[in-house]
Amino acid sequence: MPDITIYGPRVSTFVRIVAIVAEEKGLTWEIVPAAARTEEQRQRHPFQRVPAVEIGDEKLFETDAIARYIDEAFEGPALQPDSPRARAEMQKWMSVMQHYYFPTTEIGLVGPRLLAPAQGAPVDEQMVERALPSIRYQLSIADAHLSQNTFFAGSDCSLADFYQQVCWWAVCLTPEGRNLIQQCPNLLRWLTFMMGRPSAAATAWPNESGYIESLS
C-alpha cells in the first residue's frame, strides 16, 4: 500500500502539487483517477473538488492542508521555512498562485489552448489573446521577485516553490506561455532548476519530457 492515496485527475495542477510534496518527503504515493463535481468525489470532499487524500487512517481535502500535513507528519527534508517571516512569505506566494496566477492562466490560456482540444473542442483564440496581457504582468511580478531571491520563500525550496512550479509549468506547455516565460530570465532560471528535480520527473504528466529538455 502506498503511504498516500491521492484522488483526482492524473493531469491536474493541484494533484501534482500533492504528489511532488509526497515525493520530496520520500513517501510512496498513488493517484486514483477521480473527477471533480461528481457524487463519488463528494464522499471525499464535501465541495466535490480535487484533490482529496487518504494517509493511513487520515482523510484530508484542500491542497494547503494536505501539503502542510505531509510535511509536518513525516520525516524527511523540511518543506517549510523555520522563521515566522519566511513562513508568511511562503503562504503569500501560495495564495498568490491560487487566487491570481492559477485562475488567469487556467481559464485564459491552459484551458482553451490545451484542455479544450483534448476534449474535442475548438481553441478560443480570442480568450487566449485577452488573457496574455494579464499573464505577462503576473509573470513580471514573479520574475522581479526571483531577481532578488533564489526561491520564493527562504533559502531553499518550500511549498511555495512547488505551487508556483506546477502553475508556470502548465503555462510553459503552451506556445504563448513558453514565449512569455523565456522573456523572464529569473523565472526561467528558477523553473529550469525546479523541473530538473527528481520530484518533477517522478510526477510528470504524459508527453512532457521533450518540453523539459528544451526549457532553456
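Residues numbered from 1 in each chain as written. Predicted model: local features only at pLDDT ≥ 70, side-chain atom pairs only at ≥ 80, totals over all residues. Heavy atoms only, no water.

A. Structural context of the overall build of the chain. A tally of helices and strands in the chain yields 10 helices and 4 strands. Here the C-alpha atoms of the chain give a radius of gyration of 17 Å, agreeing with the 17 Å that 2.2 N^0.38 yields for 216 residues. Counting every position in the chain, which comprises 216 residues, the buried fraction comes to 50%. Here the chain displays about 10,500 Å² of accessible surface, and carbon together with sulfur accounts for 53% of that area. The average position of the 18 basic charges and that of the 26 acidic charges among the side chains of the chain differ by 5 Å. (Helix = DSSP H or I, 4+ residues; strand = E, 2+ residues; numbered from the N terminus. Rg over C-alpha atoms; globule rule 2.2 N^0.38 Å. Buried < 20%, exposed > 50% of the residue type's maximum accessible area, 1.4 Å probe, protein only. Areas by Shrake-Rupley, 256 points an atom, 1.4 Å probe, with all protein chains shown as cover. Lys, Arg positive; Asp, Glu negative; His and termini not counted. Charge placed at Lys NZ, Arg CZ, Asp CG, Glu CD.)

B. Focus on the pairing of strand β3 (residues 52-55). The pairing of strand β1 (residues 4-7) with β3 spans 3 bridges and is antiparallel. Paired with isoleucine 6 across the two strands is valine 53, which belongs to β3. Across 4 bridges, the pairing between β3 and strand β4 (residues 58-61) is antiparallel. Opposite valine 53, over in β4, you have leucine 60 as the bridge partner. Between the antiparallel neighbours β3 and β4 lie 2 residues, among them glycine 56 with a positive phi of about 65 degrees. (Pairing = 2+ DSSP bridges.)

C. Summary view of the pattern of salt bridges. In this structure the tally under the stated criterion is 8 salt bridges. A salt bridge links lysine 25 to aspartate 71, with the nearest nitrogen and oxygen atoms 3.1 Å apart. Of this pair, lysine 25 sits in the loop between α1 (13-24) and β2 (29-32) while aspartate 71 sits in helix α3 (residues 63-73), and the two are 46 residues apart along the sequence. Assigned by exposure class, lysine 25 and aspartate 71 land together as buried. Arginine 42 is paired through a salt bridge with glutamate 39; the nearest N and O atoms lie 2.9 Å apart. Placement of both arginine 42 and glutamate 39 in helix α2 (residues 39-42) is noted, with a separation of 3 residues, approximately one turn of the helix. Salt bridges sharing partners connect three or more residues here, namely Arg85, Glu89 and Lys92. (Salt bridge = Lys/Arg side-chain N within 4 Å of Asp/Glu carboxyl O.)

D. Seen up close, unusual backbone geometry. Looking along the chain, the bond that leaves valine 50 and enters proline 51 is cis, with omega of 0 degrees. As for its position among the elements, proline 51 is in the loop between α2 and β3. Backbone geometry at arginine 37 places phi at a positive 60 degrees, although glycine is not the residue there. Tracing the backbone through its elements, the reader meets arginine 37 in the loop between β2 and α2.

E. Geometry of the packing of helix α4 (residues 84-118) against helix α6 (residues 159-172). Between α4 and α6, whose axes approach to 9 Å, the crossing angle comes to 15 degrees. One element, α4, and the other, α6, form an angle in the roughly parallel class. In this structure, the crossing between α4 and α6 has a hand that is left-handed. Between α4 and α6, the residues in contact are Met90, Trp93, Met94, Met97, Gln98, Tyr101, Phe102, Thr105, Leu109, Val110 and Leu114 and Leu159, Ala160, Tyr163, Gln164, Cys167, Trp168, Ala170 and Val171, respectively. (Axes fitted to C-alpha atoms, helices over the stretch in contact; angles between N-to-C directions. Parallel < 35°, antiparallel > 145°, perpendicular 65-115°, else oblique. Left-handed = near helix turned anticlockwise from the far one by under 90°. Contact = heavy atoms within 4.5 Å.)

F. Local environment of the environment of glutamate 58. Inspection of the secondary structure assignment puts glutamate 58 in strand β4. Through-space distance from the C-alpha of glutamate 58 to that of tryptophan 168 is 31 Å; in sequence the pair is 110 residues apart. If we ignore the near neighbours within four places in the chain, the residues touching glutamate 58 are Val53 and Tyr69.

G. Inspection of α6 at higher detail. Across its 14 residues, α6 extends 20 Å between first and last C-alpha, which sits within 8% of the 20 Å expected from 1.5 Å per residue. Within α6, 14 of the 14 residues are buried, leaving the element largely enclosed by the surrounding structure. (Expected span 1.5 Å × (residues − 1).)

H. How the structure looks around the packing of aromatic side chains. Under the counting rule described, the total for this entry stands at 5 aromatic pairs. On the numbers, 5.0 Å between centres and 70 degrees between planes, the contact of phenylalanine 14 with phenylalanine 102 is edge-to-face. You can see phenylalanine 14 sitting in helix α1 and its partner phenylalanine 102 sitting in helix α4, a full 88 residues away along the chain. Site record: aromatic cluster; members linked through ring pairs are Trp93, Phe152 and Trp190. Its guanidinium or amino end placed over the ring of tryptophan 205, arginine 16 lies 4.8 Å from that ring's centre, counting from NZ or CZ. (Phe/Tyr/Trp six-rings, centres within 6.5 Å; stacked < 30°, edge-to-face > 60°. Lys NZ or Arg CZ within 6 Å of the ring centre and 35° of its normal.)

These results come straight from atomic positions and should not be treated as a statement about function.
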